[in-house]
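Each chain, written out:
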Amino acid sequence: MEAPAAPHDAADPRAVEITVNSPEQMRELGRRLAKLLRAGDLVMLSGELGAGKTTLARGLGEGLGVRGAVTSPTFVIARVHPSLGDGAPLVHVDAYRLSGGLDEMEDLDLDVSLPDSVVVVEWGEGKVEELTEDRLQVVIHRAVGDTTDEVRHVTLAGLGERWQTVDLSVLGA
């Protein structure tokens, strides 16, 4: 499988690139990113199989303080993790097995969940963009082929008014 094209302008001054050297660092990036998220946020995760999308989502769940282990929802498509406190629940979606666009996604009622939840969608390109103009796109690049290289290059780009004033560069600090 080829690396997906970057879903944003590489010259976008708001785009942030972060190098991650281990799965634990990817989880930590998710925990730090969770501090910037709020109910109504859509986060789209892109990257090759094994890039670390679910590991990042696991860190998001830890950072948001939600119930249940965040694991790949590949076969159930979507999993809701209620907040253990007063924060937003996490809706974790794996759209890998869905071939249609938003029509097929409508069965998941993401448009209903979105205002009150943080919705994280793996493999959502071409499927969920119509939910909102405001979204955070996270692209994870890794070495492909027969390699044990743990290094990942993560590009985060906020789209829409919601992300105009969010300083994503704090994630690389």
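Q: Tell me about the overall build of the protein, residues and numbers included.
A: A tally of helices and strands in the protein yields four helices and seven strands. The order of α-helices and β-strands along the protein, N terminus first, is β-α-β-α-β-β-α-α-β-β-β. Pairs at least 24 residues apart make up 66% of the contacts formed inside the protein by residues separated by at least 6 positions.

Q: Let's hear about the nonpolar core: which residues, and what values?
A: Nonpolar side chains tend toward joint burial in soluble globular proteins. Membership of the largest hydrophobic core comes to 30 residues, with the highest contact counts inside it found for Leu 29, Val 120, Leu 136, Val 138, Val 154, Leu 156 and Leu 168. For this core, the secondary structure elements donating two or more residues are β1 (16-20), α1 (23-34), β2 (42-47), α2 (53-64), β5 (118-122), β6 (135-142) and β7 (152-159). Among all residues touching Val 138, those that are not within four sequence positions of it are Val 43, Met 44, Leu 45, Ser 46, Leu 56, Val 154, Thr 155 and Leu 156. Judged by nonpolar contacts, the second largest core, of 10 residues, contains Met 44, Ile 77, Val 93 and Val 119.

Q: Give me the confidence of the model for the protein: which residues, what numbers.
A: A residue-level look at the protein finds 79% of positions with pLDDT of 70 or above and a mean pLDDT of 83. At the low end of the mean pLDDT range in the protein sits helix α3 (residues 102-105), at 55; at the high end sits α1, at 97. Contacts for the low-pLDDT stretch residues 1-10, under 50 throughout, to residues beyond four places or in other chains number 14 contacts.

Criteria and cut-off values
- Residues numbered from 1 in each chain as written.
- Predicted model: local features only at pLDDT ≥ 70, side-chain atom pairs only at ≥ 80, totals over all residues.
- Heavy atoms only, no water.
- Helix = DSSP H or I, 4+ residues; strand = E, 2+ residues; numbered from the N terminus.
- Contact = heavy atoms within 4.5 Å.
- Core = buried A, V, L, I, M, F, W, Y, C linked by side-chain atoms within 4.5 Å.
- Buried < 20%, exposed > 50% of the residue type's maximum accessible area, 1.4 Å probe, protein only.
- pLDDT = per-residue confidence, 0-100.

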